There are 2 protein chains.
Amino acid sequence: MSSALSVTAGTRRAVDTARLGRLLRDICGPSHVKTDADALAPYGHDETHGLTPIPPDAVVLPGNTREVAEVMRACASLELPVVPRGAGTGRSGGCVPAHGGVVVALTRMAAVNEIDPSDGVAVVEPGVILGAFQQRVEAEGWFYPPDPASLADCTLGGNVAENAGGPRAVKYGVTRDYLLGLEAVLPTGETVRMGRRSQKGVAGYDLAGLMCGSEGTLAILTSLTLRIIPRPPVVQTGVMAFASAQDAARTVTAVLARGIRPRTLEYLDALTLDAVRPLGGYAFPADARAALIIEADGVSEDAVWEELRRAAEVATAHGAQEVVLAQDEAQRRRIWDTRHKLSAATRQLTGHKVSEDVVVPRGRVPEMVARLAATGERHGLRVGAFGHAGDGNLHVQVIFNDPVAQKAQVEACLREVTVEALQLGGSVSGEHGVGLAKRALLELEQGPEVIALQKRIKAAFDPRGILNPGKVFP
Amino acid sequence: MSSALSVTAGTRRAVDTARLGRLLRDICGPSHVKTDADALAPYGHDETHGLTPIPPDAVVLPGNTREVAEVMRACASLELPVVPRGAGTGRSGGCVPAHGGVVVALTRMAAVNEIDPSDGVAVVEPGVILGAFQQRVEAEGWFYPPDPASLADCTLGGNVAENAGGPRAVKYGVTRDYLLGLEAVLPTGETVRMGRRSQKGVAGYDLAGLMCGSEGTLAILTSLTLRIIPRPPVVQTGVMAFASAQDAARTVTAVLARGIRPRTLEYLDALTLDAVRPLGGYAFPADARAALIIEADGVSEDAVWEELRRAAEVATAHGAQEVVLAQDEAQRRRIWDTRHKLSAATRQLTGHKVSEDVVVPRGRVPEMVARLAATGERHGLRVGAFGHAGDGNLHVQVIFNDPVAQKAQVEACLREVTVEALQLGGSVSGEHGVGLAKRALLELEQGPEVIALQKRIKAAFDPRGILNPGKVFP
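The structure displayed is predicted, hence computed values, not measured ones.

Thresholds, definitions, all that
Residues numbered from 1 in each chain as written. Chains lettered and ligands numbered in written order. Predicted model: local features only at pLDDT ≥ 70, side-chain atom pairs only at ≥ 80, totals over all residues. Heavy atoms only, no water. Axes fitted to C-alpha atoms, helices over the stretch in contact; angles between N-to-C directions. Helix = DSSP H or I, 4+ residues; strand = E, 2+ residues; numbered from the N terminus. Parallel < 35°, antiparallel > 145°, perpendicular 65-115°, else oblique. Left-handed = near helix turned anticlockwise from the far one by under 90°. Contact = heavy atoms within 4.5 Å. Nonpolar A, V, L, I, M, F, W, Y, C, P; charged D, E, K, R; others polar. Least-squares fit on C-alpha atoms with pLDDT ≥ 70 in both. Core = buried A, V, L, I, M, F, W, Y, C linked by side-chain atoms within 4.5 Å. Buried < 20%, exposed > 50% of the residue type's maximum accessible area, 1.4 Å probe, protein only. Pairing = 2+ DSSP bridges. Expected span 1.5 Å × (residues − 1). Buried area = accessible area lost by both parts, 1.4 Å probe. Salt bridge = Lys/Arg side-chain N within 4 Å of Asp/Glu carboxyl O. Phe/Tyr/Trp six-rings, centres within 6.5 Å; stacked < 30°, edge-to-face > 60°.

## Thoughts on the packing of helix 8 (residues 245-257) of chain A against helix 10 (residues 301-317) of chain A
Residue and element names in this part refer to chain A.
Working step 1: Relative orientation of the contacting elements helix 8 and helix 10 amounts to 140°, with a least axis distance of 9 Å. Between helix 8 and helix 10, the angle falls in the class oblique. Note on packing geometry: the crossing formed by helix 8 with helix 10 is right-handed. Between helix 8, through Thr-251, Ala-254 and Val-255, and helix 10, the contact on the second element is made entirely by Ala-311, Val-314 and Ala-315.
Working step 2: A per-class count over the contact of helix 8 with helix 10 returns five nonpolar, one polar and no charged.

## Considerations on the relation of the copies chain B and chain A
Working step 1: Its rotation angle being 180°, the transformation that places chain B on chain A also includes 0.0 Å of axial translation and leaves an RMSD of 0.0 Å. Here the symmetry operator amounts to a two-fold rotation axis.
Working step 2: Comparing interface residues between copies, 100% of those in chain B also lie at the interface in chain A; the contact surface is shared.

## Examining the nonpolar core
Working step 1: Counting 98 residues, the largest nonpolar core has Phe-133, Met-194 and Phe-461 of chain A together with Phe-133, Met-194 and Phe-461 of chain B as its most contacted members.
Working step 2: In this structure, Phe-133 of chain A is in contact with Val-112, Ala-122, Val-124, Val-128, Tyr-144, Leu-156, Leu-226 and Ile-228 of chain A, ignoring residues within four places of it in sequence.

## Observations concerning the pairing of strand 13 (residues 264-269) of chain A
Residue and element names in this part refer to chain A.
Working step 1: A large share of strand 13 lies buried, amounting to six of its six residues.
Working step 2: Along strand 13, one buried face is formed by Thr-264, Glu-266 and Leu-268 and the opposite face, lined by Leu-265, Tyr-267 and Asp-269, is buried too.
Working step 3: As judged from the six bridges shared by strand 13 and strand 14 (residues 290-298), these two strands associate in the antiparallel manner. By the bridge assignment, Tyr-267 is partnered in strand 14 with Leu-292.
Working step 4: For strand 13 and strand 17 (residues 382-388), the ladder comprises two bridges, and the chain directions are antiparallel. Each bridged residue has a counterpart across the sheet, and for Leu-268 the counterpart in strand 17 is Phe-386.

## Structural notes on helix 13 (residues 365-379) of chain B
All names here are of chain B.
Working step 1: Given a rise of 1.5 Å per residue, 15 residues ought to cover 21 Å, and the 21 Å separating the end C-alpha atoms of helix 13 matches this to within 8%.
Working step 2: Looking at the buried positions of helix 13, the neighbouring elements they touch are helix 8 (245-257), strand 13 (264-269), strand 16 (352-359), strand 17 (382-388), strand 18 (393-400) and helix 14 (407-423).
Working step 3: Trailing helix 13 by a residue or two, Gly-380 shows a phi angle of about 65°, which is positive.

## Side note on the interface of chain B and chain A
Working step 1: Each partner contributes residues to the interface: chain B has 80 residues there, and chain A has 80 residues.
Working step 2: Carbon and sulfur atoms make up 61% of the area that chain B and chain A hide from each other, which totals about 6,200 Å².
Working step 3: Of all residues in chain B, the largest losses of buried area upon contact with chain A belong to Lys-200, Val-202 and Tyr-205 of chain B, amounting jointly to 16% of the total for that side.
Working step 4: The interface formed by chain B and chain A includes six salt bridges.
Working step 5: A salt bridge links Asp-206 of chain A to Arg-176 of chain B; the shortest N-O distance between them is 2.1 Å.
Working step 6: At the level of elements, helix 6 (169-172), strand 9 (191-195), helix 7 (207-211), strand 11 (229-230), helix 8, helix 15 (439-445) and helix 16 (448-461) of chain B are the ones that each hand at least two residues to the side of chain B that touches chain A.
Working step 7: Counting residues per element, the side of chain B that touches chain A draws most heavily on helix 16 of chain B, which supplies nine residues.
Working step 8: Tallied by class, the residues present in the side of chain B that touches chain A amount to 34 nonpolar, 27 polar and 19 charged.

## Looking at the packing of aromatic side chains
Working step 1: Counted under the stated rule, the structure contains ten aromatic pairs over all chains.
Working step 2: For the pair Tyr-282 of chain A and Phe-284 of chain A, a centre-to-centre distance of 4.9 Å together with 75° between the ring planes defines the contact as edge-to-face. Comparing Tyr-282 of chain A with Phe-284 of chain A shows no difference in burial state: the two are buried.
Working step 3: For the ring pair Phe-133 of chain B and Tyr-144 of chain B, a centre distance of 5.3 Å and an interplane angle of 70° mean the geometry is edge-to-face. Taken as a pair, Phe-133 of chain B in helix 4 (residues 130-139) and Tyr-144 of chain B in the loop between strand 7 (142-143) and helix 5 (156-162) lie far apart in primary sequence, eleven residues in all. Taken as a pair, Phe-133 of chain B and Tyr-144 of chain B share a single burial class, namely buried.

## Quick notes on the sheet that holds strand 1 (residues 33-34) of chain B
Residue and element names in this part refer to chain B.
Working step 1: The four strands lie next to each other as 1-2-4-3, forming an open sheet whose pairing is mixed. Of all strands in the sheet, those with a lone pairing partner are strand 1 and strand 3 (82-85), marking the two edges.
Working step 2: By the bridge criterion, three bridges tie strand 2 (residues 58-60) to strand 4 (residues 102-105) in an arrangement that is parallel. Of the residues in strand 4, the one forming a bridge with Val-60 is Val-104.
Working step 3: Running over the sheet, helix 1 (residues 17-28) touches strand 1, strand 2 and strand 4 and is turned about 0° from strand 2.

## Re the sheet that holds strand 9 of chain B
All names here are of chain B.
Working step 1: Taking strand neighbours across the sheet as the criterion, the five strands line up as 5-6-10-8-9 in an open arrangement whose pairing is antiparallel. The sheet is open, and its two borders are formed by strand 5 (112-116) and strand 9, each paired with just one other strand. Sheet twist, expressed as the average angle between the axes of neighbouring strands with direction ignored, equals 10°.
Working step 2: Judged from the five bridges that link them, strand 8 (residues 179-185) and strand 9 form a sheet pairing that is antiparallel. Residue pairing in the sheet places Gly-181 in a bridge with Gly-195 of strand 9.

Structure representation (structure tokens):
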């Protein structure tokens, strides 16, 4: 089946929970192991819409790398699945224990060990919260760009596992572009270092890069060496409003093709605008049917304004109703607060939604937007989208009333959306990952040879198949 | 042994060359197969100093992906090594057929299939010359930043295989940061696609990234989808001269720690300056013992000048003798021409040199520069360095007169240089790769578990071990 709505638990081994609990308590201490059903429940799901929770047999919260390695070895000797987990803000079920076993929650390993402008690196434990980390880095005049919407809660380890992106990726790239090196515990129990602390390096295969987006299936991350860059001193934000989705989508493609490099170029369609208007945040024009949030940054006011002015010129040529530049930090914050509430607000429209995180080559955004509308009509569903249009990455929203009666209808619609993204040269996931929710879709994108190759790589790391089993591959 | 001076050929199978030649001619046509000793000789080496040439049994120049796949399958059935090759400008022996077999030269596959500003991508065959590609991209107002010194000759396929960098990497990153997707022939004969055309994507493992820097050991690249970015309209170049290596090295670290983002920050020491002065290129001050070439770019003249002005301020505070900003394009070209001739000029000093491509965390550049001088003294050899100091990436030059009598002395010195880079948290290679020349050094950097893991990944791609055998791993 094609979507999260149909994901069910995999087979699980019978486990002597009392014995397992003792074993884990011996390693991590009695207060850092959970085996009660109530305590396990929150670890049975992430933030994937519609996924049935699958609780683990135990949760352990190790305090250091040695404990992680001991837990890994203990579980390996019992042939019990091990599922690493950060804050559980993922949207594809990557940290859900599909086959039961032990969830290794890394939230206690939350130290920022170094922020070193001299080397241009930060060294952190995987449980550090992204937003808090960014504040610390920015307080020193430096910058860590990746900014998924969950930044107030998500962990840097989870960001690496899912290769998190966000609005600023259009200029600054994704988590992979900032991971220099790491320490990890392999499924075979060894603690290893991958990558480096230097800005460059080509000694052997790019293992650190391979960890990015591997969704916790290859190793448990225990320390991250991240690249930090100087914080651009000037940032300006604007909102462009349009009478149609096509005008907005064509503006996205035209702005970038013109050589303008905004640091965000976020798209909101009519569905999204309808959803956020009641929140009383930033006031989009009442007759706007689409909008773009554009942000530029740089070292001088003049250069940044010039970039926004050129973008505004393109928007006007593509029929923008109005272009508003944020006059102060308060207005800028109101714009982004509104943006961050989109996903929740869209669900409130009818109580039920599923979202798909598709991506297309960025020149195909207008075509993808047109196809979304047509697909919704064909399936009798309201389909909208918002997201990182500058990267071609749209978070497609399918709204419905009845998750039981409309299940088949919604799933057919979602599958068609994905097929259309692939037809346009895109991918089944721009930034949420495959996890449990999109396993069946991966086959639509990648041939059997490439999937077989990836399974061999998985086996090279995890010959017994005990680390986060059941994920990514069909 | 630690250096290229000691690399010898691996065992090779006895080959019926006449039969092999017929087989390959049937696939690629009679004019695209070489089996004569004279014709094979140039394919027995790259540009690694001191490497003994190892000619292949045959060279084949396929014209398309289908021919590459057929050659791969034919060689696999004969259990004959296959060694992919671009322009042969590598500096670690990555394309040298250590165990004989068939060199697959990709120089005929040199089409630029697409330059698409709308999607922000270019699609090319692997044999396209980097410099020619950059000119075509720039003619359309776009930019492909990686710029190894060999850019007039090297191929984009080779750039991906070695993850090529260059001066501009300090701001724009290396080849890996511009590879979105690719087509490749696996050692098992299948033609597969990895990665994507969209700017983002997290569907499955990052296989395209894994190809970057894999030195032709995992697959033969047949098509590359590269990210292109808008060309910064303004570029300004400056030269800073110093009375000591330490002053220059401390300036590098201080400029970057101050949050300035030059697009190049190249270091030349006294040895290098002595070598280039007779060339009559850019005239460095007669008493300068070190220099930096700094370049800044951006969207406005003012912002770029401001960035250089701030860097000059830092240089002056660190004792710069003079800071000269290029007054026109001719002077700018003279500076870079001089920079591009460094490696050859250094060899001319005495007729013999070996270079090591080490990298350290960039804050450790001053310490590394100090250690180089001390190491040279201890070994009674003249040791210098130039290179991409802004990335901590130094091309260390060891000068000598007699390759036979001084062999042990030179090798001991090189090994010590590498050990010192590692002690400072660096890597055995910043951008030249491991290839044949640095296999033994890899063990100094990476533990046996990580090397074993990489060998398992290699086996996942190449279970018979026939693609570019004998490379990277000890």
